[in-house]
Amino acid sequence: MAQRLNYSSFVPEAYSKLLELDALVGKSRLSPPLVHLVRLRASQINGCLFCIDIHSKQAVRDGESTLRLLHLNTWQESPLFSEQEKAALLWTEALTKLSPESTNDIVYESVKTHFDDTEISQLSMIITLINALNRFGVGFRAEPGSLDRILGLDKVKI
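Position numbers for residues start from 1 in each chain and track the written sequence from start to end. In keeping with the model being predicted, local features are shown solely for residues with a pLDDT of at least 70 and side-chain atom pairs are shown and tallied solely at 80 or more, while totals for entire chains, interfaces and linings include all residues. To obtain the side-chain values, all non-hydrogen atoms of the structure were included, while hydrogens and water were left out.

The protein carries the name Alkylhydroperoxidase AhpD family core domain-containing protein in an unreviewed UniProt entry, which gives Sphingobacterium nematocida as its organism.

**Quick word on the UniProt feature "domain: Carboxymuconolactone decarboxylase-like" (unreviewed entry) in the protein**
UniProt positions are given in the numbering used here, feature names are shortened, and annotations may be inferred rather than shown by experiment. Here, the residues flagged by UniProt with the feature "domain: Carboxymuconolactone decarboxylase-like" (unreviewed entry) are residues 12-94. The annotated region residues 12-94 carries 73% helix and 0% strand content, and the separation between its end C-alpha atoms amounts to 30 Å. Comment: elements are numbered from the N terminus, with helices defined as DSSP H or I runs of at least four residues and strands as E runs of at least two.

**Looking at the environment of Val111**
Along the chain, Val111 falls in helix α6 (residues 105-114). Exposure categories follow from relative accessible area, calculated using a 1.4 Å probe and restricted to protein chains: below 20% of the type maximum is buried, above 50% is exposed, and the middle band is partly exposed. Its relative accessible area of 0% is what places Val111 among the buried residues. C-alpha of Val111 to C-alpha of Ala88: the two residues are 23 residues apart in sequence and 6.6 Å apart in space. Setting aside anything within four residues of it in sequence, one finds Val111 in contact with Ala87, Trp91 and Ile120. Residue contacts follow a heavy-atom distance rule, with two residues in contact if any of their heavy atoms lie within 4.5 Å.

Have a look at this one:
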């Protein structure tokens, strides 16, 4: 499928600020591997191939195992993820498939067991921003791999 629109060129200041904010929260107290998993899982749920492509390559570049990435879609059943990672992925799914039921007290308390208030806020911001970026990627059919050279991902092999 061809890209529908080069959306970033029509609102460059706003889109640049969105990317700037995403980069800022990506440097949170949360571990980089966890941030990669969260961004990738939300992108899987939203069906954003552009973001799945980028975040898979970034994760591998930064040392994530291919096997864990393959297990990510069924993280609940996989022994490859820590309890903290599972709590973050639960919260990712809750905020991505947003409803009052998905964010119930049981889910929130599960997350609160593994993260303090600052980390929950940072995690929620990361999830919110990747969901926003997914809307651009899916809606305008952003081309997977089109930013590889710019992002330094052109040498990453999965």
